[in-house]
Amino acid sequence: MNTQEENSNNPTPDEFASQLILAIYDSRPDLNPRYDKEEFRIIDDSENRQTNLTNVYQEHCRLDASDRPSHLKMLAAIFADAGGDIAETYEEAREHLRPKIWNRATFEEMELHRRIKGGVQRCEIPLCPLGEHLYSSIVYDLPTAMLGFDDRPRTLGRDDLSGD
């Protein structure tokens, strides 16, 4: 595996985003992903989904060039699968629910960006503090992706998470 600095053949962030969008089209032609350069993410408004590219871009750049095409296909499959069938009730969803631990700084940084840019939409993922530096939440586990509960509208909501 190459480190990002060692590999001068890395795609630029914009090139990576373009390559990933093409791979998504190949995987699911019915999707309409677009690149949000300012936030370095891919958005598909038709299915209310978005993917931040920072971590996957860094992961991609660490790979050998020969491994990158299969990596793009895998990422495209994850993006395509993220809109899969979601259970409508707690009982149906129960077996797919998993705990997720988040770095608290991730959400603090998103909130700072929102405030600086004058945005009004806050992160709506139900988070529980887990010590000083972490949050925990519940996600819905799909074969190739995890969805936070407020990633898209559905009837299963925050009150259903207690399992009572």
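Residues numbered from 1 in each chain as written. Predicted model: local features only at pLDDT ≥ 70, side-chain atom pairs only at ≥ 80, totals over all residues. Heavy atoms only, no water.

Colleague: When you look at the environment of valine 139 in this model, what are you seeing that I'm missing?
Modeller: Looking at where valine 139 falls in the secondary structure, it is placed in strand β6 (residues 134-141). Looking at valine 139, the relative accessible area reads 2%, which means it is buried. Each C-alpha atom, one on valine 139 and one on isoleucine 101, is 9.9 Å from the other, the two residues being 38 residues apart in sequence. (Helix = DSSP H or I, 4+ residues; strand = E, 2+ residues; numbered from the N terminus. Buried < 20%, exposed > 50% of the residue type's maximum accessible area, 1.4 Å probe, protein only.)

Colleague: Sorry, what's going on with the confidence of the model for the chain here?
Modeller: Should the pLDDT be low somewhere, the predicted coordinates at that spot are not to be read in detail. Across the chain, pLDDT averages 80, with 78% of residues at or above 70. Averaged pLDDT values over the elements of the chain bottom out at 73 in strand β7 (residues 146-148) and peak at 94 in helix α1 (residues 13-27). Segment residues 1-6 is flagged for pLDDT under 50; beyond a separation of four residues in sequence, or across chains, it makes 13 contacts in the model. Low pLDDT (under 50) marks residues 151-158, which in the prediction has 20 contacts with non-local residues, meaning those over four places away or in another chain. (pLDDT = per-residue confidence, 0-100. Contact = heavy atoms within 4.5 Å.)

Colleague: Where do I start with the sheet that holds strand β3 (residues 49-52) in this structure?
Modeller: For sheets, the rule is that strands pair by backbone hydrogen bonds, running either parallel or antiparallel. As summarised here, the arrangement of the three strands in space is β1-β2-β3, forming an open sheet in which the pairing is antiparallel. This sheet does not close on itself; its edge strands, each paired only once, are β1 (34-36) and β3. Averaged over neighbouring strand pairs, the angle between their axes works out to 25° when direction is ignored. Pairing geometry for β1 and strand β2 (residues 41-44), over three bridges, is antiparallel. Across the sheet, tyrosine 35 pairs through a bridge with isoleucine 42, a residue of β2. Taken strand by strand, helix α3 (residues 68-81) contacts β2 and β3, and its axis lies near 145° from that of β3. (Pairing = 2+ DSSP bridges. Axes fitted to C-alpha atoms, helices over the stretch in contact; angles between N-to-C directions.)

Colleague: Explanation requested: the pattern of salt bridges in the structure shown.
Modeller: Applying the stated criterion across every chain yields a total of six salt bridges. Residue arginine 28 is joined to aspartate 30 by a salt bridge in which the shortest nitrogen-to-oxygen separation is 2.7 Å. Owing to a relative accessible area of 52%, aspartate 30 belongs among the exposed residues under this scheme. Here aspartate 36 ties to arginine 41 by a salt bridge, and the two come within 2.8 Å at their closest N and O atoms. Aspartate 36 sits in the buried class, given a relative accessible area of 15%. Arginine 41 sits in the partly exposed class, given a relative accessible area of 23%. (Salt bridge = Lys/Arg side-chain N within 4 Å of Asp/Glu carboxyl O.)

Colleague: Would you mind showing me how to read the nonpolar core here?
Modeller: The tendency in soluble globular proteins is for nonpolar side chains to be buried as a group. Ranked by internal contacts, the top residues of the largest apolar core, which has 18 residues, are Phe16, Leu20, Ile24, Ile42 and Leu53. Listing elements by their share of this core, those giving two or more residues are α1, α2 (54-62) and α3. A total of six residues in this core trace back to one element, the largest contributor, which is α1. With near-sequence residues (within four places) excluded, leucine 20 lies in contact with Ile42, Leu53, Leu72, Leu75 and Ala76. With eight residues, the next largest nonpolar core counts Ile86, Ala87, Tyr90 and Leu147 among its residues. (Core = buried A, V, L, I, M, F, W, Y, C linked by side-chain atoms within 4.5 Å.)

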